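Each chain, letter by letter, is given below.
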Amino acid sequence: MSVLSLSETGPRRPSLEERASGAYLGFAVGDALGAPVEFMTPREIRAAHNGIHDSMTGGGWLRLRPGQVTDDTQMSLALGGAMLAGGGWNLRAVADSFAGWLQSRPVDVGNTCRRGIRRYLQTGTLRGAPAEEDGGNGALMRNLPVALGTPPPRDADTVLGDGDAVFARRSIEQARITHGHVLSDEATVALGRMTRVLLSGGTREDCRRIADGLVARHRVFAFEPWPGRTSGYVVDTVQTVLDVFFRGETFEACLLDVVNRGGDADTNGALTGQLAGALWGVRAIPERWLRKLDERVRAEISAQARGLLLLGRWSARAAAPEDKT
Ligand code: MN
Ligand code: MN
């Protein structure tokens, strides 16, 4: 299988800004596209959508408006907002932001996320005890702002240290607010690393090496052949997203493939959109999907993507913000 396509070796690669906004907007587009078919089977999707679900219909079990996003995008915005407001990394500010979001009566909340945020509200502790039932994808799904807002992989900083180590530490810290599970930690770091390699100008083959490393450490993540499960268990999510991402030839093809597999379609769609958007850039996202995306969400994401790149000093021109830890 070749994972290199013409579109990633052609004359014009998307700019850093286009890859970053592509990742974040691609994530939200995947959430809004997948949510109306969340928890459906492929057969149910075919029957309900004339063979294929390919537009921002709204509806679904959450009775969404067309283009409305769910907890996946909202928790990401809460995390990114806390990073930007604090001008750096402050885990308590992240937890407070999750708490504020939970108290805003969101359209959907995962059970593990709800339990972890409630524990934080009641006890003030930033992490719970490890638990077998914490293996859902809720920490993985919201980590993109950490990938964007932390210095690039090869950027060593005298205060922060190596960019990749800082990224892994922050990712696990935010994950542990709600999810005390090693496979959640591993998945959160691995998909974030892939995103960061793509933002740095890397290819799918570079992502492939990260995926192979993950599988070598934890065989349970092996995704070839795809085991066919699309639940919210973090292993199912990683296998599905990687199977789609390594085989798809365009952003649109990846997104159509993943959401029509059903199951946790919004989260799988969001994470696939994150990787595909980071690879092909914002201009690869079909305009008919972007146009339907909730206007306020679209504006907030665009602003956060720009702000987080500055915060992470991805661009040499960016001012160096203070780190709070
Ligand atoms: Mn959701
Ligand atoms: Mn979901």
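This report concerns the structure included in the present document. (Residues numbered from 1 in each chain as written. Chains lettered and ligands numbered in written order. Predicted model: local features only at pLDDT ≥ 70, side-chain atom pairs only at ≥ 80, totals over all residues. Heavy atoms only, no water.)

### Examining the pattern of salt bridges
And step 1. Considering all chains together, one arrives at 14 salt bridges under this definition.
And step 2. In this structure, Glu-186 engages Arg-217 in a salt bridge whose closest nitrogen and oxygen atoms are separated by 3.0 Å. One end of the pair, Glu-186, is in helix H9 (residues 182-199); the other, Arg-217, is in helix H10 (residues 204-217), and 31 residues separate them in sequence.
And step 3. Look at Glu-186 and you get buried, because its relative accessible area is 19%.
And step 4. With relative accessibility at 49%, the residue Arg-217 sits in the partly exposed group.
And step 5. Three or more residues are tied together by salt bridges with common partners; here these are Asp-243, Arg-247, Asp-257 and Arg-261. (Salt bridge = Lys/Arg side-chain N within 4 Å of Asp/Glu carboxyl O. Helix = DSSP H or I, 4+ residues; strand = E, 2+ residues; numbered from the N terminus. Buried < 20%, exposed > 50% of the residue type's maximum accessible area, 1.4 Å probe, protein only.)

### Some details on the layout of surface pockets
And step 1. Volume-wise, the largest pocket comes out at about 340 Å³.
And step 2. Surrounding the largest pocket, 22 residues form its lining, Asp-71, Gly-110, Asn-111, Asn-137 and Asp-264 being those nearest its centre.
And step 3. Listed by contribution, the elements that provide at least two residues to the lining of the largest pocket are helix H4 (71-86), helix H6 (111-123) and helix H13 (265-280).
And step 4. Sort the elements by how many residues they give to the lining of the largest pocket and H6 lands first, with three residues.
And step 5. Computed from the structure, the second largest pocket encloses a volume of approximately 260 Å³.
And step 6. If you go around the second largest pocket, the residues you meet are Arg-65, Gln-68, Val-69, Gln-74, Leu-77, Ala-78, Val-107, Asp-294, Arg-296, Val-297 and Glu-300.
And step 7. Put simply, the parts of the chain that give the lining of the second largest pocket at least two residues each are H4 and helix H15 (295-311).
And step 8. Here the residues of the lining of the second largest pocket sort into five nonpolar, two polar and four charged. (1 Å grid on protein atoms, 1.4 Å probe; cavity = no way out; pocket = protein on both sides within 12 Å on 5 of 7 lines; lining within 4 Å. Points joined across faces, edges and corners; volume = space filled by probe spheres on them. Nonpolar A, V, L, I, M, F, W, Y, C, P; charged D, E, K, R; others polar.)

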